[in-house]
Every structure is written in C-alpha cells, then in structure tokens.
Amino acid sequence: MNQTINATLRPCREESLNFDTTENLYIEGDNLDVLKLLRETYYGKVKMIYIDPPYNTGNDFVYEDDFSQDAESYKSNSGQYDDQGNRLQKNQESNGRFHTDWLNMIYPRLKIARDLLSDNGIILISIDDNEIDNLLKVCDEIFGENNHLGTFIVNSTPNARDYGHIGKMHEFCILYGKNSIYTSTQMLPVQDKSFKYQDSDGGFNIHPLYNSNEAFTRINRPNLYYPFYLYPNEKIGNYFYKIGFENKEDSIEIFPPKSVKNHVQFVWRWGRDKAQTYMNKEIIGYKTEENEYRIVQKMRHSEKLIRSLLTDTKYSSRRGTAEVEDLLKGKFFSFPKPVSLLYDFIYVGTNSNDIILDFFSGSSTTAHAVMQLNAEDGGKRKFIMVQLPEKCDEKSEAYKAGYKNICEIGKERIRRAGKKILEEKKTSSDDLFADNSSTIDVGFRVLKIDSSNMTDVYYKPDELNQDDLTNLISNIKEGRTAEDLLFQVMLDLGVLLSSKIEIIDINGKKVFNVNEGYLMTCFDEDVDEDTVIEIAKKKPQFFVMRDLSMSSDSMMVNFDQIFDRFSPETTRKVI
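Not measured: the values here are computed from a predicted model.

On to the sheet that holds strand β22 (residues 355-358). Strand order in the open sheet formed by 10 strands is β1-β24-β2-β23-β22-β3-β7-β9-β8-β21, with mixed pairing between adjacent strands. Each having just a single partner strand, β1 (7-11) and β21 (309-310) make up the two edges of the open sheet. Pairing analysis gives two bridges linking strand β3 (residues 46-51) to β22, with the strands arranged parallel. From the neighbouring strand, Ile 49 faces β22, where its bridge partner is Leu 357. Along the sheet, helix α4 (residues 132-143) makes contact with β7 (117-127), β8 (148-154) and β9 (171-177), crossing β9 at roughly 5°. Contacts from helix α7 (residues 339-349) reach β3, β7, β8, β9, β21 and β22, with the element oriented near 155° to β3.

Put into structure tokens, the structure is as follows:
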C-alpha cells in the first residue's frame, strides 16, 4: 500500500469539457494507484468521500493487488486485464478466499482515503449484506470505532428482490467521520413545511420546554429545576400567555411535570439565564385542550437531521436506472445510484466550496448530484471522479451504442447532465441563481494514469554502448507533451490538479502560468537568458523547466544567478 509507483496523470483535452476553466476532475485508472498519486497533493483537503464499491455478490470483479510480484509474474498469473494492465478477477463464492480477496481490495484504498479527508470530513460507503459486517470492522480499524457516525438503511428496491428466503428491499450506507470531534454536517430542508401559528417573526409550531428523558432529574440537574409563573390575565394573541420569574397576584406557578409511567420528576431543557433571554419571545405560556398550563418553545425549524431510514422512492435503484436511461437514451448501466441519494448526502456532508471524491464513480451519479446542488444553491463544490476503464461486454447495449468502457459512459453522463442543468436554469426566471447559470461549473478535466513521463533507465554501466548513450540525451519519453510534464510537476509540487492554467507567450516561448503566478513552467527548446529574466520578473513561487530547454551552457551557468537577482524567493527546479 505504501509502495511508490512509477506513474503520473496525463491530461486529455479532447475528452474534457471546459478544460481551461473547470475545477472538476475525471480520472481514469486503477483507483489504488490514483489515490497514491493524489495523497500528497490532496492530503486533508477532501470534505466528503462517497463510494459504491463492488458488493462481492459472487459475480463482481475485484481489483487483485499483488505488490510482491514482478511485472512478468504479475502478467502471467493474471486472469483478466484492461488496456492499462490492471488485473481484474471475478470473485466467486466458491473461492476459499472469497471474503479475504474483497477485504484485500478495499482495505488499502480506504487507508489512503482517510489521509485525503479533512479533519471535519466524512466518508460514506454503500454496501449490502455480503460484506457489511466485515466492512464495519475494517472501517473501525481505519477510522476508529468512535468515528462511526451511523448506518443508513436505504430502501433501494421497494418491490423487493424475491429470491432466497427474504425479499430484500434495502441496502446499507455506512457513515464515518475522520474525527467525530470536528465532524460537521448540515440539516436537510423539510419540503412544504407547514406551521400552525404565526407571529411577527414568521411561522412556528410549539414543543414543551421540559426534557422528557428520565435520565435527567432534579437530583442530577438541579439547575434545570425551577418555577415559571404564567399570567392568565395577560394574553398574547388567541392562544398564548405571558410568563416570567416574578410571582404576581393571580399568577400560576409552573414546574416541569412528572413522567406518566414512573412518576420521575422532569426538568427544563433550558437554564434560567437562557430562559430569561428568550422569555415571551421564543418561550411562552400555553393552555392545553385539557385546560392545563404549559411552558412551550416556539419551533421555527424548516429543516431536520437526515434520517437513518431512507425509505422514499426517490432513493430506489429503479429511479437511478431511469435517470441514466433518460439522459443516455438507453439502458447502458446496471443499478446506478439515484441522484437524490447523493444529492442529500452531499447537502448534509458539505459546504459550498468543498471537494467531493468518488473513487468507484461508475456512471458518475456523484458528479451529477454535485452539479445539481450547485445549480440550486449557488455553491462552488468540486468533484473528483475516479474510475477504472473496465471494458463493456461486446454483447451489451452500451457497447453497441459506442461505449467501449465504463469511463465513456460516466463522462457522457456528466456532459448531458450538465447541459440539462444549464438549460433548466435558463428557463427558471424566478430562480435566485437563474441569472448566474453561466457560472455553474459543469465541466471536467480528464486525466489518465500512465507511466512516468521520465525515461526509464535500467541499464548497468557495463551494459551500455555508445548508441545507448546517444539515445539517453533526452530524459523525457517520446510522445510526451509539455502539458503532460506540467501535470506531473503539479503532482510533484502538491499543486491542485484543478488549478487555473493560463498559457502566456514570453519572447515567443510558451509558458504555463498556474494559479496566477504560483507555478510557472516552460518546456520549449532554446530558452535564452532574456526569456528567463522576464519569467523571473513575474516572481513566481515555483519555476520549472527542462535542462535541454536551455539555449546554451552559459544560460545553464547563469540560471540561478538570474533568479537570485530578480526573484530570490522563487523555488526553481530543472528536470
């Protein structure tokens, strides 16, 4: 798991959408390798991770990671590969290592995923009966048992799957925080919330002020046991009465009631100081239908904590399937998660500028939900989708429609979902953010995992001849572009891969300007001193160029002196 890899991420402009302006990423490759590459750059920067890994049903392919074999042994022992040599193996239940193989697959990925989470971040993992117990144990070890925030039961199949002994209707989604002390979540809005009462501050319902938990009594919470006085001759509106701590003439003394079952003395939920602050504003006297007087709190909330039982039909797999069919005009993906499920998770788990990662991205429901939520609340959340380019079966409808692998399905789904979201925003003239539809980021940068851009050198000195030395003049592999080198440098320096990239011309040379001067690179040939001087005058935090880019030996000698004179704070590197 901690073994380094000789790999990088290469940009693919032709498959991207809004490459120069988007802050979203779509990364193709084995997610373990991708996570390793992202670990340093995105360490502690991801607010929410959601994954829907293989459920280990006996028909799923699992990534079979073997770090002890050399490349040739790895290939000879493999059962199936993708084009990049990633090994996939069908994990049949007859396999004696059925659970072990799945756990060996998921463990290292979750281990690295924890590093990517921010201190207040969360991870959600969908799973079914096959591995729920093992997954909980793994997550308890990696994230800590005290950071298990709960388990959702999702009514994914309302009509049930009628096989075996029980018609299964549900799946699970487990929720962990990186550190429960710092974990932050939001409440979900309650649609069409109605209020029984109104005042100058708006609508409200009422709730008794006493604490109905028998664990809290006047013995262990004496500061929460005290009297209010209700003034029956001082009505507020048609239903309520003024209250206070002063025992006036004709006032009614009110203490918390006792429990009906065990006659335990309840206490108030608020202390005297807080009650004094909100007296006759948010707490007030009330007369019940049984003519009993109570102290009640005005409840104005139009939101609630997300529930552990997600039973609405909007969470069903059938809904997810219909959404993808509607966008792609065909049944090209089996059992995708519905947008509503991810929408609610992202709403609860993130703020408007957070990063959301899904490294089993499949049909890209997570990306769809991120864009949808941003469109509705004006947020600037960013997504990172990671998916192995698993080949589509040549007999499948997806393959016949031109989708050769799952990544092609996921990318096309994002394109079409983004287009639909923008069209809907333009027609919603009464929407608060309708005029800002052009600012909704529906693009994505495609990056593909590949071997390092640097030439592999495995020769022993006594095995080299003169021709070999000539071939080693360039340390960059043939066919690699300046933009390839740029993204490898960004990874090496910990620069976010979604950073703004501007191409500027300096003395006829192409210079990449990343994050408005934070990083500048130039990989053109024959870069002279005048060009480097102009770059140094812009005072970038980092500057990187190739040694073969330097126009002369004197240029190489003067390189550091130029920066020492014009921008001594710049960290410069020659590759």
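Moving on from the model shown.
Here we take up the packing of aromatic side chains. On inspection of all chains with the given rule, the structure shows 27 aromatic pairs. Measuring from ring centre to ring centre gives 5.3 Å for Tyr 197 and Tyr 239, while their planes differ by 70°; the resulting arrangement is edge-to-face. Placement of Tyr 197 in strand β11 (residues 197-199) and of Tyr 239 in the loop between β14 (228-236) and β15 (240-244) is noted, with a sequence separation of 42 residues between them. Classification of Tyr 197 as buried rests on a relative accessible area of 5%. Connected via pairs of aromatic rings, a cluster forms that spans Tyr 197, Phe 204, Tyr 239, Phe 240 and Tyr 286. Its guanidinium or amino end placed over the ring of Phe 204, Lys 298 lies 4.9 Å from that ring's centre, counting from NZ or CZ.

This paragraph deals with the nonpolar core. Counting residues in each nonpolar core, the largest one holds 59 residues, and the members touching the most others are Leu 110, Phe 359 and Leu 497. Element by element, the count of residues in this core is highest for helix α3 (residues 98-116), at seven residues. Apart from residues lying up to four places away in sequence, Phe 359 is in contact with Asn 31, Leu 35, Ile 49, Tyr 50, Ile 51, Arg 109, Leu 110, Ala 113 and Val 386. If you look at the next biggest cluster of nonpolar residues, it comprises 39 residues, including Leu 175, Leu 342, Cys 407 and Ala 417.

Attention now moves to the pairing of strand β26 (residues 509-514). Burial analysis of β26 places five of its six residues in the buried class, the great majority of the element. Here strand β25 (residues 501-506) pairs with β26 via six bridges, running antiparallel. Each residue of the ladder has a partner; that of Ile 506, found in β26, is Lys 509. The loop that links β25 with its antiparallel partner β26 comprises two residues; one of these, Asn 507, has a positive phi angle of about 55°. Across three bridges, the pairing between β26 and strand β27 (residues 519-522) is antiparallel.

Definitions and cut-offs
Residues numbered from 1 in each chain as written. Predicted model: local features only at pLDDT ≥ 70, side-chain atom pairs only at ≥ 80, totals over all residues. Heavy atoms only, no water. Pairing = 2+ DSSP bridges. Helix = DSSP H or I, 4+ residues; strand = E, 2+ residues; numbered from the N terminus. Contact = heavy atoms within 4.5 Å. Axes fitted to C-alpha atoms, helices over the stretch in contact; angles between N-to-C directions. Phe/Tyr/Trp six-rings, centres within 6.5 Å; stacked < 30°, edge-to-face > 60°. Buried < 20%, exposed > 50% of the residue type's maximum accessible area, 1.4 Å probe, protein only. Lys NZ or Arg CZ within 6 Å of the ring centre and 35° of its normal. Core = buried A, V, L, I, M, F, W, Y, C linked by side-chain atoms within 4.5 Å.

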